Amino acid sequence: MIRLGILGSGFGSNMQAILDAIQNGELEAEIVIVLSDVPDAYILKRAERAGLPSGVIDCRGLSSKFPEEAQRETADILSQAGVELICLAGFMRLLRPPLLSAFPGRIINIHPSLLPNFPGLCAWTQAVEAGAHESGCTVHYVDAGMDTGTIIAQASVPVLPDDTPDRLHARIQEEEHKLYPAAIAQIAVKLERE
Ligand code: GAR
């Protein structure tokens, strides 16, 4: 059974969807650790409630950078936990070589747009402001760029004429919660064959 490490900065609904899929028997996997760079993030409360090991990544008071030392510490924690696949779930810092090179081809992310459209922050707001008729979500491998890694799976949703960014994000998240566990299941099979 594949051992997952989850990294998130916020609400943790994608982490919850992964956990629910595991508990429902839809995904054969185990979440072995949940880490957040935000000490009071709700994702950590969810982890605690579910009895999952969790911890805080110390980013040395920096608001958006992921310091090299913190990346090294994170890689060590994940390695010690025996993590085989790192799933970013609303993790809002860019990963760099210390962490990327410790888990080559084993870090994935979910992004709330149809990449390569609307990379970066608040992709749902970008889609509404651009007047897009369609958006969605993408699961992709993580590289050192901003939402640039190889695409694994996508799901689309319509952007409706009266959409607010929040309404569109809610519609995208419904798809994220199905797409992410399904993509992890697909990758787990692939990694088992390697
Ligand atoms: C999700 O919509 C995810 O796609 C997005 O943050 C949200 C986290 O929600 N991630 C990004 O924008 C990364 N570039 P959650 O904490 O409820 O899972």
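Scoring rules and cut-offs
Residues numbered from 1 in each chain as written. Predicted model: local features only at pLDDT ≥ 70, side-chain atom pairs only at ≥ 80, totals over all residues. Heavy atoms only, no water. Helix = DSSP H or I, 4+ residues; strand = E, 2+ residues; numbered from the N terminus. Axes fitted to C-alpha atoms, helices over the stretch in contact; angles between N-to-C directions. Parallel < 35°, antiparallel > 145°, perpendicular 65-115°, else oblique. Left-handed = near helix turned anticlockwise from the far one by under 90°. Contact = heavy atoms within 4.5 Å. Nonpolar A, V, L, I, M, F, W, Y, C, P; charged D, E, K, R; others polar. Near = heavy atom within 4 Å. Polar contact = N/O pair within 3.5 Å; in protein donor to acceptor, adjacent residues only side chain to side chain. Areas by Shrake-Rupley, 256 points an atom, 1.4 Å probe, with all protein chains shown as cover. 1 Å grid on protein atoms, 1.4 Å probe; cavity = no way out; pocket = protein on both sides within 12 Å on 5 of 7 lines; lining within 4 Å. Sits in = over half its atoms within 2 Å of the grid points.

## What to know about unusual backbone geometry
Next up, step 1: The residue after L115, namely P116, is reached through a cis peptide bond having omega 10 degrees.
Next up, step 2: Within the secondary structure, P116 is located in the loop between β5 (107-111) and α5 (123-129).
Next up, step 3: For R60, which is not glycine, the phi dihedral falls at a positive 55 degrees.

## Here we look at the packing of helix α1 (residues 13-23) against helix α6 (residues 165-193)
Next up, step 1: Where α1 contacts α6, the two axes come as close as 9 Å, and the packing angle between them is 50 degrees. Viewed along their axes, α1 and α6 adopt a mutual orientation that is oblique. The handedness of the crossing between α1 and α6 comes out as right-handed. Across the interface between the two elements, S13, N14, A17, I18 and A21 from α1 touch Q173, E176, H177, Y180, P181 and I184 from α6.
Next up, step 2: A class-by-class count of the residues in the contact of α1 with α6 yields six nonpolar, four polar and one charged.

## What about the packing of α1 against helix α2 (residues 42-49)?
The relative placement of two packed helices is expressed as an angle between their axes plus a distance between the axes.
Next up, step 1: Put simply, α1 and α2 touch, their axes get as near as 9 Å, and they point 25 degrees apart. Between α1 and α2, the angle is such that the two are roughly parallel. Residues S13, M15 and Q16 of α1 form the contact with α2, whose own contacting residues are I43, R46, A47 and R49.
Next up, step 2: Within the contact of α1 with α2, the residues separate by chemical class into three nonpolar, two polar and two charged.

## Observations regarding the site of the ligand
Next up, step 1: Taken together, 13 residues lie around the ligand, and G12, S13, N14, H169 and E176 are the ones closest in.
Next up, step 2: In the environment of the ligand, an oxygen atom lies 2.9 Å from a nitrogen or oxygen atom belonging to the side chain of N14.
Next up, step 3: Contacts to the ligand include H111, whose side-chain N or O atom sits 3.2 Å from a nitrogen atom.
Next up, step 4: With the chains in place, 92% of the 450 Å² that the ligand exposes on its own is no longer accessible.
Next up, step 5: Placement of the ligand is best described as lying within the largest pocket.
Next up, step 6: Only α1, β5 and α6 provide two or more residues apiece to the shell around the ligand.

Distances and angles like these do not, on their own, reveal function.
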